[in-house]
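These are the residues of each chain, in order.
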Amino acid sequence: MWGGVVRPSFCLLNSFFYFTLFNLGKSVIIILMIIFTKHADGKFLILKKHKFFVSRRLVIDTITNPDLIDYSRRPLIIAQRKIDSRHVLRVVYKYELGKNIVITFYPGRVTQYE
């Protein structure tokens, strides 16, 4: 999405809200609000129980700098990012009223989503 040129900075407001600041030059700053639903927030623990560790930072990085974006299920957007040689992380979210609302996320095998 941003071509990897801009490195976002993150400020944790609470367990559900994140602001991402992008500095695109001396005069332009874009603020992107990311909200985790209760289900998405609970998904970290579910995956941890299955020995698959995903951080909030990885989910946010997947939204802000994905390898692939799937718009086929509009209004939902699926951002995908490779996390190792065998797995991708897919983040399902929607953009609504200036906010990115993370609905869920899940790991998948690279071979399934090529």
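Please read all numbers here as calculations on a predicted model, not as lab measurements.

Q: How do you make sense of the packing of aromatic side chains when you look at a structure like this?
A: Each aromatic ring pair is described using two quantities: the centre-to-centre distance and the angle formed by the ring planes. For the structure shown, the criterion picks out 2 aromatic pairs. Taken together, a centroid distance of 5.9 Å and an interplanar angle of 50° make the contact between Phe36 and Phe44 tilted. Here Phe36 falls in the buried class, since its relative accessible area comes to 2%. Phe44 sits in the buried class, given a relative accessible area of 11%. With a centroid separation of 4.8 Å and 50° between ring planes, the pair formed by Phe44 and Phe105 is classed as tilted. You can see Phe44 sitting in helix 1 (residues 38–49) and its partner Phe105 sitting in strand 7 (residues 99–109), a full 61 residues away along the chain. Of the two residues, Phe44 and Phe105, both sit in the buried class. Linked through ring pairs, Phe36, Phe44 and Phe105 together constitute an aromatic cluster.

Q: How do you make sense of the pairing of strand 6 (residues 87–96) when you look at a structure like this?
A: Two faces belong to every sheet, and in a regular strand the side chains alternate between them. Buried residues dominate strand 6, accounting for 7 of its 10 residues. In this sheet, strand 6 lies alongside strand 5 (residues 76–82) in antiparallel orientation, the contact comprising 7 bridges. Its bridge partner being in strand 6, Ala79 is matched across the sheet by Val91. Where strand 5 hands over to strand 6, the hairpin turn is made up of 4 residues, counted between the paired strands. Examined bridge by bridge, strand 6 and strand 7 share 10 bridges and lie antiparallel to one another.

Q: Just to check I follow, could you spell out the nonpolar core for this structure?
A: Taken as a class, soluble globular proteins show a tendency for nonpolar side chains to be buried jointly. Phe36, Val54, Val59, Val91, Val102 and Phe105 are the most contacted members of the largest nonpolar core, which totals 18 residues. Those elements giving two or more residues to this core turn out to be strand 3 (29–36), helix 1, helix 2 (56–64), strand 5, strand 6 and strand 7.

Q: Would you take a moment to explain the pairing of strand 5 for this structure?
A: Pairing geometry for strand 4 (residues 68–70) and strand 5, over 3 bridges, is antiparallel. Note that in strand 5 the partner of Leu68 across the bridge is Gln80. As consecutive antiparallel partners, strand 4 and strand 5 are separated by 5 residues.

Q: How do you make sense of the pattern of salt bridges when you look at a structure like this?
A: Where charged atoms of side chains with opposite charge meet at close range, the side chains can pair. Going through the model one piece at a time under the given rule, you end up with 5 salt bridges. The salt bridge partner of Arg90 is Asp70, with a shortest N-O separation of 3.9 Å. You can see Arg90 sitting in strand 6 and its partner Asp70 sitting in strand 4, a full 20 residues away along the chain. Taking relative accessible area as the criterion, Arg90 reaches 6% and is therefore assigned buried.

Quick notes on the rules
- Residues numbered from 1 in each chain as written.
- Predicted model: local features only at pLDDT ≥ 70, side-chain atom pairs only at ≥ 80, totals over all residues.
- Heavy atoms only, no water.
- Phe/Tyr/Trp six-rings, centres within 6.5 Å; stacked < 30°, edge-to-face > 60°.
- Buried < 20%, exposed > 50% of the residue type's maximum accessible area, 1.4 Å probe, protein only.
- Helix = DSSP H or I, 4+ residues; strand = E, 2+ residues; numbered from the N terminus.
- Pairing = 2+ DSSP bridges.
- Core = buried A, V, L, I, M, F, W, Y, C linked by side-chain atoms within 4.5 Å.
- Salt bridge = Lys/Arg side-chain N within 4 Å of Asp/Glu carboxyl O.

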